[in-house]
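An overview of the molecular structure
Chain residues, written in single-letter form:
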Amino acid sequence: MNAIRSKVSRRMFLKASAVTGGGLMLSFSVPAFAALGPTEATLNAYVRIAADGIVTIAAKNPEVGQGIKTSLPMIIAEELDVDWKNVRIEMAAVDGDKYGVQSAGGSTSIPRNWDTLRRVGAAGRQMLVSAAAKTLKVPASELTTSGGNVIHAASKRSLSYGALAATAATVPVPDLKTVALKDPTAFKIIGQRTKDIDGPKIVTGQPLFGIDVSVPGMLYAVYEKCPVFGGTVASANLDEVKAMPGVRHAFIVAGTLAPGEVNLGAGLAGGVAIVADTWWQAKTARGKLRVEWKEPASKSQSSVGFAARAAELAKQKPELSVRTDGDVDAALKGAAKVITASYSYPFLAHAAMEPQNATAHFKDGKVEIWVPSQNPAAGRAQAAKALGMDEKDVLVHMIRGGGGFGRRLTCEFMAEAAWISREAGVPVKLLWTREDDMRHDHYRPGGFHTLTAGIDASGKLIALRDHFQTYGSDGKFANSANLGADIFPAEFVPNLDYSASFMPLGTPTGPMRAPRSNALAMVFQSFLDEVAHAAGRDPLEFHLELLSEHRAKSPTPLPFDSARMSAVLKLVTEKAGWGKRELPKGTGMGLAYYFSHSGYVAHVAEVTVTPDVPLSVNAVKINKVWAVADVGSHIVNPSGAENQMQGAVLDGIAQVMGQEITIARGSTVQGNFDTYTALRMKQAAPVEVHFLLSNNPPTGLGEPALPPTLPAIANAIFAASGQRLRDIPLNKSIRGTAAV
Amino acid sequence: MAYTLNINGVNHAVDVDEATPLLWVLRDVLDMKGTKFGCGSGLCGACTVHLNGVAVRACSTPVSGVGTAAISTIEGMAEHPVGKKVQDAWLEIDVAQCGYCQAGQIMSATALLAQTPKPTDADIDAHMSGNICRCATYNRIRTAIKLAAGETKGA
Ligand code: FES
Ligand code: FES
């Protein structure tokens, strides 16, 4: 702390505090060493400039591989007008009053912060210009900036930001709302391929991730919870465990969850904690642990049971109407052709590469937690509540996370670590095993769809029905298991009926990269491909026509702009040579598109299927995927953006090919990468990425490239082999009754 | 049990149970955090280190099995003629997303290139398929390996 303070004393702070009603107030100050205290600790500092011109920018949002620790500071640096090579980046403190929402979810970091952070940077630049005007005794209007210098061209004088920083601290603070922004054509940082700021640490193996955190005197903890979600401990052979080498503590945690509660964010689940000198000793001792669990009634649930129940529900009247346009029954009666099919997809685990962990130090009624989290403020609230503490007594440090994909939006392991540290009376690092991670997830929910479509004599889609058999109860969808009234092609078909029926579920579900869309895209984009083929039409021509005409209205207008979608679809098919290239027999192309998280994305996949063998993972080779996204006017960091697109597409390939979590006896069957398959190098198809810049505000890219991947592959498999994949993953048997 | 481990050319004395995997000796006893834990079962490659130049999974290598073998870890790659090239290529291509798997990827790629200086795509598939990248940076890993091998130019 002292080291930091003495450094700070030579620096200038740009303070920005949120004011009610939006916008930010900015002010500079140069805190004297002695003056640095609680007041400064509450400042909203994004930028510090040292005398040598080094600019330190706070990265406000959690980094889990989406590149935001690099891209958000790029936005500030651009408007501040500094050289990127002189920028250093620090993770910001977790403080909503200063930084607003600090989460990594929903591809929201860029759209939420684009305008504000430009203004933060521009305000800083304006203050440096004012400082130069004072120093040089010239009007500010005669000054320009470039690469961390303020320039007075008329007198050929220039002053560095480092030299101006102290004076800038004394000038009036500009209003963020009216501060002048750069003309985007003058951008020098935004839009440049920029390397991940932590790259050098990553390739040299320096401590960087949550799992790497060390606190003096720290012990290591493991935590065993009931395999059936919501279960608690009846008894455990603690004495035997305590006798194992290195074990310092072993105790039962009753937990704070209400009976039957399985939501991971609801509190602290009961279990047995083992604390030892090393993690290996704690884990080895856990091998001797025998627990008698109090299991909830959901122990009777299974994936097999769900599939059987879904098949029953499919034959019954739906429980809930989601959307109705026109008259589907009448339209189907008059249709030239009716197409029906059933689709299903499994539960999925997030399986981020870094198993869940948190390091906690409880001392004197306060607790400090170091955690790789996508949503640290929520984790703090959860930990505080579980421990019966005030949130202000829980200090959270954001640490880079080894992947998130939505799993780390809920961080119940913060509460676990904090509880264990308090009870053991020492700082602890709680680290889950891979099996803990896979068996105590909030899963992407599986689902079942029964679809019917009607086309008229000209091959136009005139009616569409989806009866969704999903999870939930009392007419309420389980987390991330919902079907919205806005799901495409709603509004583009005159007669449309979306409905749902529910199965109670004792397994927690939650957001996973492009929640809902990651499943619904597969269903709707595959089924529309079936419809196009049934109509004897080229899928591209079919879709461009479908997108061209609004044929129903929503109560509130949908945010979907079909012209943007048509444009990405045209570009991706052009890049892939759709309909232009001669493909060998057994090779085919499929297209799909999807709108999610404000992004417009279309893919073409080219696939070769080995003839005359049953469709299987080994019979399908994905040759290439072309990917096009329209996420607005600017790609902040094209290197990071391309990486996200490629990663999302390959993530989708992993899902369509082989990933499946199954439930038996109310618990998760798979525990590691032997049974839950991850994509490997040899299956990683090349992904060619293009961005279509459009005149729209920039939006996020962590998610929207995933959903259309699955149907693009499935549609390509059909084009290559005539076989329709309706139940994913591919290594599952085929179910469905399409009229093709 | 007392062991002397030769890691990146330096001897380290440790006293741990013989069944302790090398991974946890490196991480929690010697405080070398570069080698990562991903699965604990030899399935993901996050913990890849070299024993006498051969890529092995440290999570599945008990310390008692190491003997006098020279251990190389990611922390030693800057001094390794091939490893340094691989690290530079990784930076040039900006491979990482979350970065968590990349130490293991670099260790596997270095072992591959040390043996096969000009690997084919099939060589890369065969040697790198034990390393999972959950963020799926595989396109860039392949490009970076080729760059390190001198087969392609940087991005
Ligand atoms: S941690 Fe060793 S192979 Fe996964
Ligand atoms: S970069 Fe995240 S697992 Fe490889």
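The rules we used
- Residues numbered from 1 in each chain as written.
- Chains lettered and ligands numbered in written order.
- Predicted model: local features only at pLDDT ≥ 70, side-chain atom pairs only at ≥ 80, totals over all residues.
- Heavy atoms only, no water.
- Helix = DSSP H or I, 4+ residues; strand = E, 2+ residues; numbered from the N terminus.
- Buried < 20%, exposed > 50% of the residue type's maximum accessible area, 1.4 Å probe, protein only.
- Contact = heavy atoms within 4.5 Å.
- Areas by Shrake-Rupley, 256 points an atom, 1.4 Å probe, with all protein chains shown as cover.
- Lys, Arg positive; Asp, Glu negative; His and termini not counted.
- Charge placed at Lys NZ, Arg CZ, Asp CG, Glu CD.
- Expected span 1.5 Å × (residues − 1).
- Domains from an automatic or database assignment.
- Buried area = accessible area lost by both parts, 1.4 Å probe.
- Salt bridge = Lys/Arg side-chain N within 4 Å of Asp/Glu carboxyl O.
- Phe/Tyr/Trp six-rings, centres within 6.5 Å; stacked < 30°, edge-to-face > 60°.
- Pairing = 2+ DSSP bridges.
- Axes fitted to C-alpha atoms, helices over the stretch in contact; angles between N-to-C directions.
- Polar contact = N/O pair within 3.5 Å; in protein donor to acceptor, adjacent residues only side chain to side chain.
- Nonpolar A, V, L, I, M, F, W, Y, C, P; charged D, E, K, R; others polar.

What follows concerns the overall build of chain B. Within chain B one finds 5 helices and 5 strands. Residue burial in chain B is summarised as follows: out of 155 residues, 60% are buried. Contacts in chain B between residues far apart in sequence, at least 24 positions, make up 56% of those at least 6 positions apart. When the accessible surface of chain B is summed, it comes to about 5,400 Å², and 53% of that surface belongs to carbon and sulfur atoms. Side-chain charges of chain B comprise 12 positive and 14 negative groups, with the mean position of each set lying 9 Å from the other.

A separate point is helix α3 (residues 102-115) of chain B. Across its 14 residues, α3(B) extends 20 Å between first and last C-alpha, which sits within 8% of the 20 Å expected from 1.5 Å per residue. Of the residues making up α3(B), those classed as buried are Gln102(B), Ala103(B), Gly104(B), Gln105(B), Ile106(B), Met107(B), Ser108(B), Ala109(B), Thr110(B), Ala111(B), Leu112(B) and Leu113(B).

How big an interface is tends to be reported as the loss of accessible area on association of its parts. Residue and element names in this part refer to chain B. For chain B, the assigned domains read domain 1 (2-75) and domain 2 (77-148). Domain 1 puts 17 residues into the contact, and the matching count from domain 2 is 13 residues. Taking both sides of the interface into account, the surface hidden between domain 1 and domain 2 amounts to around 1,200 Å²; carbon and sulfur atoms contribute 57%. Summed over the shared surface of domain 1 and domain 2, the result is 0 salt bridges.

For the rest of this paragraph, the subject is the packing of aromatic side chains. One pass over the full model with this rule turns up 20 aromatic pairs over all chains. Arranged with centres 6.3 Å apart and planes meeting at 80 degrees, the rings of Trp114(A) and Phe187(A) form a pair that is edge-to-face. Here the residue Trp114(A) occupies a position in helix α5 (residues 109-136), and Phe187(A) occupies one in the loop between α6 (161-168) and α7 (199-204), the gap between them amounting to 73 residues. Here the two residues Trp114(A) and Phe187(A) agree in accessibility, since each one is buried. On the basis of an interplanar angle of 50 degrees and a centroid distance of 5.2 Å, the ring pair of Trp279(A) and Phe37(B) is categorised as tilted.

Tracing the chain through its elements places Thr662(A) in the loop between α18 (638-657) and β27 (663-664). With sequence-adjacent residues up to four places away left out, Thr662(A) is seen in contact with Ser303(A), Ser667(A), Thr668(A), Val669(A) and Gln670(A).

This part covers the sheet that holds strand β19 (residues 428-431) of chain A. Residue and element names in this part refer to chain A. Spatial strand order, β11-β12-β9-β19-β16-β17-β18: 7 strands in an open sheet with mixed pairing. What marks the edges here is a single partner per strand, and that holds for β11 (247-253) and β18 (394-398). Averaged over all pairs of adjacent strands, the angle between their axes in this sheet comes to 20 degrees, without regard to strand direction. Judged from the 4 bridges that link them, strand β16 (residues 357-363) and β19 form a sheet pairing that is antiparallel. Within β19, the residue paired with Asn 357 across the bridge is Leu 431. The strands touched by helix α13 (residues 412-424) are β9 (219-225), β11, β12 (271-276), β16, β17 (366-371), β18 and β19; relative to β16, the strand with the most contacts, the crossing angle is about 40 degrees.

This paragraph deals with the interface of chain B and chain A. With 48 residues of chain B at the interface, the matching set in chain A holds 58 residues. Together chain B and chain A conceal approximately 4,400 Å² of surface at their shared face, both sides included; 58% is due to carbon and sulfur atoms. Where chain B packs against chain A, one counts 5 salt bridges. With a shortest N-O distance of 2.6 Å, Glu642(A) and Arg140(B) are connected by a salt bridge. The interface formed by chain B and chain A holds 30 residue pairs in polar contact (both at pLDDT 80 or more) in total. Of all elements in the fold, only α1 (22-29), α2 (81-93), α3, α4 (121-128) and α5 (138-148) of chain B reach the threshold of two or more residues within the side of chain B that touches chain A. Take the side of chain B that touches chain A: its biggest share by element is 5 residues, from α5(B). Grouping the amino acids of the side of chain B that touches chain A by side-chain chemistry returns 23 nonpolar, 13 polar and 12 charged.

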